[in-house]
Amino acid sequence: MQIDLFITCLNDALFPQTGLAMARLLRRLGHTVRFNEAQTCCGQMHFNTGYQREALPLIRKFVRDFQDAEVIVAPSGSCVAFVRDLYPKAAEWAGDEVLLAQVQELGTRTFELSEFLVNVLGIEDVGASYPHRITYHPTCHAARLLRVGDAPLRLLRNVRGLSLVELPASDQCCGFGGTFSVKNPETSTAMLADKVQNVMHTRAEVCTAGDNSCLMHIGGGLSRLQSGTGVVHLAEILASVESGNRDVLDTARVSGQGLA
């Protein structure tokens, strides 16, 4: 299969290692990986902040950039949910029937990494090795809009050497929510405090998730408390082999915010 990588703004600017890990993983599984360097922001930040009209040019550009893709895969449940759930709403509000048909069709070819591996490719064991104690945070968009379910957990359970520890109150939001954390810092910080305490309760070496935005937020809280727990994106764990495990974990601990 030829897979087009949808590398989100946050990953491109702050966490390029996640995109590289996803590419390595998909190639290891025998697929052709393509990265369209013309891609830019999908428009989620604009749309969710109230700038729906300003998001439309970005939505149309996304359609042009990926119109010939066989399948589109991203290391972000948040941005994939925006493409699948809100692109059609944006087209409807704009009264653009052509765009509506385009984004509805495009949504059928756009997937978050874990759901693509488990639900499309039918793979639960990707041949990874990561001998560490891990806990998993299910991000809101992936869990509630994409409904990826236990796909990430099924993948993690098949990683060699990995010890998976259940995260208490895992369904609770970490408090990031994009610009929510900027506009409502007190509420966001209170939610983060609960999430960080639950992560620390697991005594995990690493907290993982499918979105670096949430991991950046959680990692910042863990770092300020000098918890010793790092954060690593799911794609980086799944791409890991024996020789790279220590480097991945050490980098997470040093940054406290994933692999920045």
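Predicted model only: the values in this text are computed from it and were never measured.

(A) Just the packing of aromatic side chains, in detail. Enumeration according to the criterion identifies 8 aromatic pairs in this entry. Arranged with centres 6.1 Å apart and planes meeting at 65°, the rings of Phe6 and Phe66 form a pair that is edge-to-face. With Phe6 in the loop between β1 (2-5) and α1 (9-14) and Phe66 in helix α4 (residues 52-66), the pair connects residues that are 60 residues apart, well separated along the chain. Exposure remark for Phe66: the relative accessible area of 0% places this residue in the buried category. Relative to Tyr87, the ring of Phe82 has its centre 5.2 Å away and its plane inclined at 80°; by these criteria the two rings are edge-to-face. Each member of the pair, Phe82 as well as Tyr87, is classed as buried.

(B) Looking closely at the pattern of salt bridges. The full count for this structure, using the stated rule, is 10 salt bridges. The salt bridge involving Asp96 is made with Arg60; its shortest N-O contact spans 3.0 Å. Of the two residues, Asp96 sits in the loop between α5 (77-94) and α6 (97-107) while Arg60 sits in helix α4, which places them 36 residues apart along the sequence. Looking at Arg60, the relative accessible area reads 32%, which means it is partly exposed. Notably, a salt bridge pairs Arg160 with Asp125, separated by 3.1 Å at the nearest N-O pair. Remark: Asp125 occurs in the loop between α7 (113-120) and β5 (133-136) and Arg160 occurs in the loop between α9 (151-157) and β6 (163-165); sequence separation between them is 35 residues. Three or more residues are tied together by salt bridges with common partners; here these are Asp4, Arg34 and Asp68.

(C) Representation of the UniProt feature "domain: Cysteine-rich" (unreviewed entry) in the chain in the model. Feature annotation in UniProt places "domain: Cysteine-rich" (unreviewed entry) on residues 5-82 and 134-218, given in this structure's numbering. The straight-line gap between the two end C-alpha atoms of residues 5-82 is 16 Å; of that span, 58% is helix and 10% is strand. For residues 134-218, helix accounts for 49% and strand for 12%, while the C-alpha atoms at its two ends are 14 Å apart.

(D) Broad picture of the sheet that holds β5. A sheet is described by the order of its strands in space; here 4 strands give the open sequence β6-β5-β7-β8, paired in parallel fashion. With one partner strand each, in any of the chains shown, β6 and β8 (230-233) form the two edges of the open sheet. When strand polarity is set aside, the average angle formed by the axes of neighbouring strands in this sheet is 35°. Here β5 runs beside strand β7 (residues 206-209); their pairing, made up of 3 bridges, is parallel. The residue of β7 that forms the bridge with Thr135 is Cys207.

(E) Unusual backbone geometry, seen in detail. One non-glycine residue, Arg147, adopts positive backbone phi at about 55°. For Arg147, a relative accessible area of 65% gives the class exposed. Residues other than glycine seldom take positive phi values, yet Ala169 does so here, at roughly 50°. One can find Ala169 in the loop between β6 and α10 (180-183). Accessibility expressed as a relative area gives 32% for Ala169, which makes it partly exposed.

Conventions adopted
Residues numbered from 1 in each chain as written. Predicted model: local features only at pLDDT ≥ 70, side-chain atom pairs only at ≥ 80, totals over all residues. Heavy atoms only, no water. Phe/Tyr/Trp six-rings, centres within 6.5 Å; stacked < 30°, edge-to-face > 60°. Helix = DSSP H or I, 4+ residues; strand = E, 2+ residues; numbered from the N terminus. Buried < 20%, exposed > 50% of the residue type's maximum accessible area, 1.4 Å probe, protein only. Salt bridge = Lys/Arg side-chain N within 4 Å of Asp/Glu carboxyl O. UniProt positions renumbered as here; feature names shortened; annotations may be inferred. Pairing = 2+ DSSP bridges. Axes fitted to C-alpha atoms, helices over the stretch in contact; angles between N-to-C directions.

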